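So you can see what is in the structure, the chains are spelled out below.
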Amino acid sequence: SQELEQSPQSLIVQEGKNLTINCTSSKTLYGLYWYKQKYGEGLIFLMMLQKGGEEKSHEKITAKLDEKKQQSSLHITASQPSHAGIYLCGADMRRGNQFYFGTGTSLTVIP
Amino acid sequence: DAMVIQNPRYQVTQFGKPVTLSCSQTLNHNVMYWYQQKSSQAPKLLFHYYDKDFNNEADTPDNFQSRRPNTSFCFLDIRSPGLGDAAMYLCATSRKGYEQYFGPGTRLTVT
C-alpha cells in the first residue's frame, strides 16, 4: 500500500497561473519534506515542515502542513516554465530514519 | 562545495554480472540512503545506514547489498542484475531528523 498519496498525478498549467499539489497520509507525519526532480536528475530539497499548522514560503512556493499533520499542500503562485518538473513529498512515517516518498506530481508549465 | 557524488552516472552491465555503484559525501552526515527509482515512479527506499548500523527495507531483494566502509562512502552491490533492476539509483545523505541531500543518480542499464 502507498503510504503517501499525491494529487493530482500530473498537472499542465499556463504560465502565470497558480496551482496546488496535495500530499495525504493516513498516519501522523513526523516530518514532511517537499522535493523537486527534473527528468534524469537527483532530487532538490525545497522545504521541510514539522509542526502542525506550519507554513513556509520560498520565492513563489508555499507549503503548509495541516494541524493533524496528515496532509500537506504545495502552492505555486504565478507559475513559470522553470517550475516544471516532478514534485515529490516525502515523510518520516515513524520516529527514526524510515523515509517514504509520495507518488509524485508531474508539472508542465506552458509558456 | 559540499555535496553528494555518485559514480558512475551511467552504468551498463550484463544480465547476471555483478555491479557496484558508489556514493560519496563531503557533508559528514551520519545517515546515508540508497533508493531505486524506476521510470515514472517515486524513489523507493532500499536501505539506509545510520552511522554503521545497516537498516534493510523488508521488501528489498537479497540481490541488493550495501557496504559503508566509512562515513564518507557507501556502496550498492547488485549481485546478479536482472532486467527488472534497470533503474535510476539515488544516494542521499542526512543528519538524523533533517532533510536529505541527493546525489545526481546512477542510471543502470541491464543488457
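Use the structure listed above.
Definitions and limits used
Residues numbered from 1 in each chain as written. Chains lettered and ligands numbered in written order. Predicted model: local features only at pLDDT ≥ 70, side-chain atom pairs only at ≥ 80, totals over all residues. Heavy atoms only, no water. Buried < 20%, exposed > 50% of the residue type's maximum accessible area, 1.4 Å probe, protein only. Helix = DSSP H or I, 4+ residues; strand = E, 2+ residues; numbered from the N terminus. Pairing = 2+ DSSP bridges. 1 Å grid on protein atoms, 1.4 Å probe; cavity = no way out; pocket = protein on both sides within 12 Å on 5 of 7 lines; lining within 4 Å. Points joined across faces, edges and corners; volume = space filled by probe spheres on them. Nonpolar A, V, L, I, M, F, W, Y, C, P; charged D, E, K, R; others polar. Contact = heavy atoms within 4.5 Å. Buried area = accessible area lost by both parts, 1.4 Å probe. Salt bridge = Lys/Arg side-chain N within 4 Å of Asp/Glu carboxyl O. Polar contact = N/O pair within 3.5 Å; in protein donor to acceptor, adjacent residues only side chain to side chain. Core = buried A, V, L, I, M, F, W, Y, C linked by side-chain atoms within 4.5 Å. Phe/Tyr/Trp six-rings, centres within 6.5 Å; stacked < 30°, edge-to-face > 60°. Lys NZ or Arg CZ within 6 Å of the ring centre and 35° of its normal.

A. Molecular detail of the pairing of strand 11 (residues 105-110) of chain A. All names here are of chain A. Burial of the side chains of strand 11 is restricted to one face: Thr105, Leu107 and Val109 are buried, whereas none of Ser106, Thr108 and Ile110 on the reverse face is. Sheet analysis places strand 2 (residues 10-14) next to strand 11, joined by five bridges and oriented parallel. Looking across to strand 11, one finds that Leu11 is bridged to Leu107.

B. Representation of the layout of surface pockets in the model. Put simply, the largest pocket is a space of about 500 Å³. In terms of lining residues, the largest pocket is bounded by 22 residues, among which Ile86 of chain A together with Lys38, Ser39, Ser40 and Gln41 of chain B are the most central. Class assignment of the residues belonging to the lining of the largest pocket gives a composition of eight nonpolar, 11 polar and three charged.

C. Representation of the interface of chain A and chain B. Every contact between the two is made by 18 residues of chain A and, on the other side, 22 residues of chain B. Roughly 1,600 Å² is buried in total at the junction of chain A and chain B, and carbon and sulfur atoms are behind 53% of that figure. Remark: the boundary between chain A and chain B carries zero salt bridges. Along the contact surface separating chain A from chain B lie four residue pairs in polar contact (both at pLDDT 80 or more).

D. Quick look at the environment of Phe75 of chain B. Residues and elements named next belong to chain B. Mapped onto the secondary structure, Phe75 falls in strand 8 (residues 73-78). On the basis of relative accessible area, Phe75 is assigned to the buried category, the value being 18%. Sequence separation between Phe75 and Thr111 is 36 residues; the distance between their C-alpha atoms is 22 Å. Apart from residues lying up to four places away in sequence, Phe75 is in contact with Thr20, Leu21, Ser22, Trp34, Gln65, Ser66, Arg67 and Pro69.

E. Focus on the nonpolar core. Counting 23 residues, the largest nonpolar core has Leu32, Trp34, Leu74 and Leu107 of chain A as the members making the most contacts within it. Looking at this core, the elements with two or more residues in it are strand 2, strand 3 (19-25), strand 4 (31-37), strand 5 (43-49), strand 7 (61-65), strand 8 (71-76), strand 9 (85-92) and strand 11 of chain A. Residues Leu21, Cys23, Ile78 and Val110 of chain B belong to the second largest nonpolar core, which totals 18 residues.

F. Examining the packing of aromatic side chains more closely. Inspection of every chain in the model, using the stated rule, returns 11 aromatic pairs over all chains. Taken together, the ring pairs connect Tyr35, Phe45 and Phe101 of chain A together with Tyr33, Tyr35 and Phe102 of chain B into an aromatic cluster. Above the ring of Tyr98 of chain B, the side-chain terminus of Arg95 of chain B is found at 4.2 Å from the ring centroid.

G. How the structure looks around the pattern of salt bridges. All names here are of chain A. Per the stated rule, a full pass over the model turns up four salt bridges over all chains. Lys56 is the salt-bridge partner of Glu54, the closest N and O atoms lying 3.7 Å from each other. Between Glu55 and Lys64 there is a salt bridge whose closest N-O contact spans 4.0 Å. Residue Glu55 is classed as partly exposed on the basis of its relative accessible area of 48%.

H. Spatial organisation of unusual backbone geometry. In this structure, the amide linkage connecting Ser7 of chain A to the following residue, Pro8 of chain A, adopts the cis form with an omega of -5°. The topology assignment puts Pro8 of chain A in the loop between strand 1 (4-7) and strand 2. Residue Pro8 of chain B is bonded to the preceding Asn7 of chain B through a cis peptide linkage, with omega at -10°. Looking at the element boundaries, Pro8 of chain B is found in the loop between strand 1 (4-7) and strand 2 (10-13).

In short, geometric facts, not functional conclusions.
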